[in-house]
Amino acid sequence: MDEYFGSYAVVAALFAVGLAVVGGALFANRMLRPSRPTAEKLTTYECGVDPVGDGWAQSQVRYYVFTYLYVVFAVDAVFLFPWATIFADPGFGMTTLVEMFVFLGFIALGILYAWRKRVLAWT
Amino acid sequence: MPEVLDAAVRLLAILAVFLVLPLVAGQMEHKAMAHMQARLGPMYAGGFHGWAQLIADGVKFMQKEDVIPAAADRRVFGLAPAVALVPYLVVMVVIPVGPGLVGADLDAGLFFVLAVMGIGVLGSIMAGWSSGNKYSLMGGMRSAAQLMSYELPLVLAASSVAMAAGTLSLPGIVEAWQWWWLPWQAIGGVVFFMAGLAELRRPPFDMPIAESEIIMGPMTEYTGIRFALFMLSEYAGIIVLSALTSVLFLGGWHGPLLPGPVWMLIKVFALVFVVIWVRVSYPRLREDQLQKLAWAGLVPLALVQLALTGVVKVLAG
């Protein structure tokens, strides 16, 4: 029990070290840098010409389909990990192997469906 | 008390690796790329073949003015580089470089690695969204889409190794490793490495930061130290990906004659060289080609690898 939390305490300590590295770099930068803001300098960069319209422009997002696909399959894939550690233990063997092919079949079917529905094609 | 001291030494070692190896990889990229393109690369800084170029860059970045555009969401804009960088440092805690030489041996190490590495991409989405710049926004969306598509083959390929080893602990996986896993897990290894490259947005998967089209995407508005932190996170990511690929698929510290950590270092830098080589050799993939490669190429290959791993493991063991 102690050891379990001990190893995560090391992870937490490293996280704190990481924050210190970033904080230290930003602090050193603050001590060393000049600060002469001008209106031109703070303008949004659009290749040298004045920015057109707002920064948060509307555009068509085609990626939402991939997000759906990902959520569906990633939730499946998470269950692979606990299964992966024990699937070949004595007494399982063939049963889990058949289960695995059922699982793979589901994923493959899902991707095939997405393909047939043409969500993987762009136009 | 000895445990605290032991942990402190490990943390210091990890921090040193985190601060030095990305610079070595960056310098290697400067020089290897230059010579592949019949140039010399940096030659001046430090005297001998420009070895101190990145240190000079760091000193310069440290003194540069911090420009935050008026249109940006200041708080998120300032936080994004930290979100991009810190996860790669945290991941290093579970990567073993030799027998017993690991920051912390977590039972769920592999799971931890995949979960924490995914956070790094959030930094570039945050940067893209908060910059108030159209190019950045497009780059951020592309980063998000790329993470979505390539995370699945990455996870599937990694779980194939977990099946083979029967454990999720990274030192446990390396201990269980045998030389014949090389051909057995070869497909998974290639899928993992390619998907990892895509998650790092390295060429040829660098559509989100394509500098000639959307001028570095999420990083368009970044200058000075915050830009340097983004760059550091990219190279730290290369080191982490190479180290993970060596641990999972190339046997980590296993190797004849030389001591374990030396083998680990050799394997890591061989893979870093491949990363650079690929950057110089392949043109950038178009956005739809990127997505198609993930879903119609890498995911099915990863599934084939899972089936192969399962069948061999059950029939042979």
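About the criteria used
Residues numbered from 1 in each chain as written. Chains lettered and ligands numbered in written order. Predicted model: local features only at pLDDT ≥ 70, side-chain atom pairs only at ≥ 80, totals over all residues. Helix = DSSP H or I, 4+ residues; strand = E, 2+ residues; numbered from the N terminus. Rg over C-alpha atoms; globule rule 2.2 N^0.38 Å. Buried ≥ 20, exposed ≤ 12 C-beta atoms within 10 Å, placed from the backbone. Contact = placed C-beta atoms within 7 Å. UniProt positions renumbered as here; feature names shortened; annotations may be inferred. pLDDT = per-residue confidence, 0-100. Core = buried A, V, L, I, M, F, W, Y, C linked by C-beta atoms within 7 Å. Expected span 1.5 Å × (residues − 1). Nonpolar A, V, L, I, M, F, W, Y, C, P; charged D, E, K, R; others polar. Axes fitted to C-alpha atoms, helices over the stretch in contact; angles between N-to-C directions. Parallel < 35°, antiparallel > 145°, perpendicular 65-115°, else oblique. Bend = angle between axes of the 7 residues up to and from the residue. Left-handed = near helix turned anticlockwise from the far one by under 90°.

Let us look at the overall build of chain B. Helices and strands together make up the secondary structure of chain B, namely twelve helices and zero strands. Here the C-alpha atoms of chain B give a radius of gyration of 20 Å, agreeing with the 20 Å that 2.2 N^0.38 yields for 317 residues. Taken along its principal axes, the extent of the C-alpha atoms in chain B is 60 × 45 × 45 Å. When the 317 residues of chain B are sorted by exposure, 56% land in the buried category. Here the analysis covers contacts within chain B between residues at least 6 apart in sequence; of these, 78% occur between residues at least 24 apart.

Okay, the overall build of chain A next. Regarding its fold elements, chain A presents four helices and zero strands. Listing each helix as α and each strand as β along chain A from the N terminus yields α-α-α-α.

Residues and elements named next belong to chain B. Sequence positions flagged by UniProt for "transmembrane region" (unreviewed entry) are, in local numbering, residues 76-97, 109-129, 150-173, 179-198, 227-250, 262-282 and 294-316. In the segment residues 150-173, helix accounts for 83% and strand for 0%; the C-alpha atoms at its two ends are 23 Å apart. When the span residues 179-198 is considered, its composition is 85% helix and 0% strand, and the gap between its end C-alpha atoms is 28 Å.

A residue-level look at chain B finds 100% of positions with pLDDT of 70 or above and a mean pLDDT of 86. Scoring of the predicted complex yields 0.88 for pTM and 0.81 for ipTM.

To continue, consider the nonpolar core. All names here are of chain B. By size, the foremost hydrophobic cluster in this structure holds 128 residues, and its most contacted members are Leu85, Val94 and Ala158. Among the elements that line this core, the one with the most residues is helix 5 (residues 134-165), at 20 residues. Setting aside chain neighbours within four positions, we find Ala158 in contact with Leu110, Leu114, Phe192 and Leu248.

Compared with the 32 Å implied by 1.5 Å per residue over 22 residues, the 32 Å span of helix 11 (residues 260-281) of chain B between its first and last C-alpha is a close match. Listed in full, the buried residues belonging to helix 11 of chain B are Trp263(B), Met264(B), Lys267(B), Val268(B), Leu271(B), Val272(B), Val275(B) and Ile276(B).

Before going further, it helps to examine the interface of chain A and chain B. Where interface size is quoted, it is often the accessible area lost as the parts come together. In this assembly, 54 residues from chain A lie in contact with 63 residues from chain B. Listed by contribution, the elements that provide at least two residues to the side of chain A that touches chain B are helix 1 (2-32), helix 2 (64-78), helix 3 (80-86) and helix 4 (94-116) of chain A. The biggest single contributor to the side of chain A that touches chain B is helix 1 of chain A, with 15 residues. Each residue belonging to the side of chain A that touches chain B can be placed in one class, and the counts come to 40 nonpolar, eleven polar and three charged.

Residue and element names in this part refer to chain A. In the numbering used here, UniProt assigns the feature "transmembrane region" (unreviewed entry) to residues 6-28, 63-86 and 92-115. Structurally, residues 6-28 comprises 100% helix and 0% strand, and the distance from its first C-alpha atom to its last is 33 Å. The span residues 63-86 is 92% helix and 0% strand, and its two end C-alpha atoms sit 36 Å from each other.

Residues and elements named next belong to chain B. Running from N to C, helix 4 (residues 109-130) and helix 5 cross one another at 175°; their axes reach a closest spacing of 8 Å. Between helix 4 and helix 5, the interaxial angle falls into the category roughly antiparallel. Grouping the amino acids of the contact of helix 4 with helix 5 by side-chain chemistry returns 14 nonpolar, seven polar and one charged.

Across the chain, the bulk of peptide bonds are trans and the bulk of non-glycine residues have phi less than zero. All names here are of chain B. Residues Pro203 and Pro204 are joined by a peptide bond in cis, for which omega reads 0°. By the element assignment, Pro204 lies in the loop between helix 8 (186-199) and helix 9 (211-214). Even without being a glycine, Ala38 presents a positive backbone phi close to 55°. Here Ala38 shows up in the loop between helix 1 (2-36) and helix 2 (53-63). Ala38 sits in the exposed class, given 6 other C-beta atoms within 10 Å.

Turning our attention to the environment of His30(B). Residue and element names in this part refer to chain B. The topology assignment puts His30 in helix 1. Note: C-alpha distance between His30 and Ile276 (246 residues apart in sequence) is 9.2 Å. Contacts of His30, omitting those with residues within four sequence positions, involve Gly41, Pro42 and Gln53.

Quick reminder: α-helices carry 3.6 residues per turn. Residues three or four places apart thus point the same way. All names here are of chain B. End to end, helix 5 covers 46 Å across 32 residues, agreeing with the expected 46 Å (1.5 Å per residue, within 8%). At Tyr150, helix 5 is deflected by roughly 30°, the largest bend along its length, and proline Pro153 occurs up to four residues later in sequence. Where burial is concerned, most of helix 5 is hidden: 32 out of the 32 residues are buried. Backbone geometry just downstream of helix 5 places Gly166 in the positive-phi region, at approximately 70°.

Residues and elements named next belong to chain B. Put simply, helix 10 (residues 224-249) and helix 11 touch, their axes get as near as 8 Å, and they point 120° apart. Looking at the two axes, helix 10 sits oblique to helix 11. Every pair of crossing elements has a handedness; the one defined by helix 10 and helix 11 is right-handed. On helix 11, the residues touching Ile238, Ile239, Ser242, Ala243, Thr245 and Ser246 of helix 10 are Met264, Lys267, Val268, Leu271, Val272 and Val275.

The next subject is the environment of Leu182(B). Residue and element names in this part refer to chain B. With respect to the helices, strands and loops of the structure, Leu182 is situated in helix 7 (residues 181-184). Assessed through the 13 C-beta atoms surrounding it within 10 Å, Leu182 is described here as partly exposed. Each C-alpha atom of the pair Leu182 and Gly251 lies 8.3 Å from the other, and the pair is 69 residues apart in sequence.

Along the chain, the position of Leu147(B) falls in helix 5. Along the sequence, Leu147(B) and Gly118(B) sit 29 residues apart, while their C-alpha atoms lie 7.6 Å from each other.

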